[in-house]
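# Structural characterization, general
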Amino acid sequence: MADTAAAKAKEDGFSAQERAAIKARAAELKTEAKRLRGAEKAAADEADVLAKIAEMPDGDREMAERVHATVTTAAPELAPKLYYGQPGYARGGKVVCFFRSGQLDKERYSTFGFSAQAQLDSADGLWPTAYALADLSEPAWERLGELVRQAAEGPGAG
């Protein structure tokens, strides 16, 4: 039976973890469609993000809490919302940046990423869209805050 499940996963092209993330995103979209607008929706979205962070394993939970504090301080105009089952931060409903728990994703480190909405483009044509997070130093946290501020200033900001 395990062989059948593995064959099915290979056939679909998605791992069990990927399918779970897709299902989580579908549930998020369904919940969003039912929510009220404005301040009540924003408060409910932030509560969802904080609840998801609280569920994270030790280590990632503390990092996600620090990421949340860094993002909301550096770019208070970005609205917290779940993004594929993990914390994201949006402008105009579109996610600009997001945190991925390494332990939940079964990876050796967590990541902080930026979507195309962030507009972090570099003149030389090369820029990162995700960063590995592992025991960040204070200068690294400051750099993350600077990147978030820059991302929040993209098109449509302000």
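One structure accompanies this document, and this report is about it. The numbering scheme is per chain: residues are counted from 1 as the chain's sequence reads. It should be noted that, the model being predicted, local features are given only for residues of pLDDT at least 70 and side-chain atom pairs only at 80 or more, the latter also being counted only at that level, while totals for whole chains, interfaces and linings use all residues. Processing note: side-chain calculations cover all non-hydrogen atoms of the structure and skip hydrogens and water entirely.

Of the regular secondary structure elements, the chain holds 5 helices and 5 strands. Numbering of helices and strands starts at the N terminus; helices are DSSP runs of H or I of at least 4 residues and strands are runs of E of at least 2. The order of helices and strands in the chain, counted from the N terminus, is α-α-α-α-β-β-β-β-β-α. Here's how the labels work: a residue is buried when its accessible area is under 20% of the maximum for its type, exposed when over 50%, partly exposed in between, all with a 1.4 Å probe on protein chains only. Within the chain, the proportion of its 158 residues that are buried is 36%. Only heavy atoms matter for contacts: two residues are in contact if any of them lie within 4.5 Å across the pair. Of the contacts formed within the chain by residues at least 6 apart in sequence, a portion of 49% connects residues at least 24 apart. Areas reported as accessible are Shrake-Rupley estimates using a 1.4 Å probe. Residue values count occlusion only from the protein chains shown. Accessible surface computed for the chain: about 9500 Å², of which carbon and sulfur atoms make up 54%.

With that out of the way, let us pick up the sheet that holds strand E3 (residues 94-100). At least two DSSP bridges between two strands are needed for those strands to be called paired. The 5 strands are arranged E1-E2-E3-E4-E5 in an open sheet whose pairing can be described as antiparallel. The two strands at the open ends of the sheet, each matched to only one other strand, are strand E1 (79-83) and strand E5 (130-133). Strand-to-strand twist across the sheet, computed as the mean angle between neighbouring axes with direction ignored, equals 25°. Bridge count for E3 against strand E4 (residues 110-114) is 4 bridges, and the pairing is antiparallel. In the sheet register, Phe 99 faces E4, and the bridge partner there is Phe 112. To obtain an axis, a line is fitted to C-alpha atoms, over the contacting stretch when the element is a helix, and the angle between two such axes runs from 0 to 180 degrees between their N-to-C directions.

Right, let's talk about the side chain of Asp 60 for a bit. Inspection of the secondary structure puts Asp 60 in helix H4 (residues 60-74). Of the buried charged residues, Asp 60 lacks a salt bridge, with Arg 61 as the closest side chain of opposite charge at 9.7 Å. Polar contact is the term for a pair of N or O atoms within 3.5 Å; when the atoms are in protein, one must be able to donate a hydrogen and the other to accept it, and sequence-neighboring residues count only if both atoms are side-chain atoms. Engagement of the side chain of Asp 60 in a polar contact is seen with the side chain of Ser 101, the distance being 2.5 Å. Each residue touching Asp 60, except ones within four places of it in the same chain, is listed here: Phe 99, Ser 101, Gly 102, Gln 103, Leu 104 and Ser 110. Counted as positive: Lys and Arg. Counted as negative: Asp and Glu, with His and the chain ends omitted from the count. Any carboxyl oxygen of Asp or Glu within 4 Å of a side-chain nitrogen of Lys or Arg constitutes a salt bridge here.

Turning to the packing of aromatic side chains, a few remarks are in order. Stacked, tilted and edge-to-face pairs are distinguished by plane angle, under 30 degrees for stacked and over 60 for edge-to-face with tilted covering the rest, among Phe, Tyr and Trp rings (Trp via its six-membered ring) whose centres lie within 6.5 Å. Per the counting criterion, the structure on display carries 4 aromatic pairs. Centre to centre, the rings of Tyr 83 and Tyr 84 are 4.9 Å apart; their planes meet at 80°, and the pair counts as edge-to-face. The partly exposed category is assigned to Tyr 84, whose relative accessible area is 35%. An angle of 45° between the planes, with centres 5.2 Å apart, marks the rings of Tyr 83 and Phe 98 as tilted.

Here, expected helix span is obtained from the residue count minus one, scaled by 1.5 Å. Between its terminal C-alpha atoms H4 stretches 20 Å, which fits the 21 Å expected from 15 residues at 1.5 Å a residue. Of all the positions in H4, only Asp 60, Met 63, Ala 64, Val 67, His 68, Thr 70, Val 71 and Ala 74 are classed as buried. Burial along H4 is one-sided: seen end-on, the buried residues are contained in an arc of 170°. Arc definition: directions from the helix axis to the C-beta atoms.

Quick look at the pattern of salt bridges now. Applying the stated criterion across every chain yields a total of 7 salt bridges. In this structure, Glu 55 and Lys 52 form a salt bridge, with 3.5 Å as the shortest nitrogen-oxygen distance. You can see Glu 55 and its partner Lys 52 sitting in helix H3 (residues 38-55), 3 residues apart, about one turn around the helix. Judged by its relative accessible area of 56%, Glu 55 is exposed. In this structure Lys 52 comes out as partly exposed when scored by relative accessible area, which is 23%. Its salt-bridge partner being Glu 62, residue Arg 61 comes within 3.5 Å of it at the nearest N-O pair. Among the charged side chains, a network of salt bridges with common partners joins Asp 58, Arg 61 and Glu 62.

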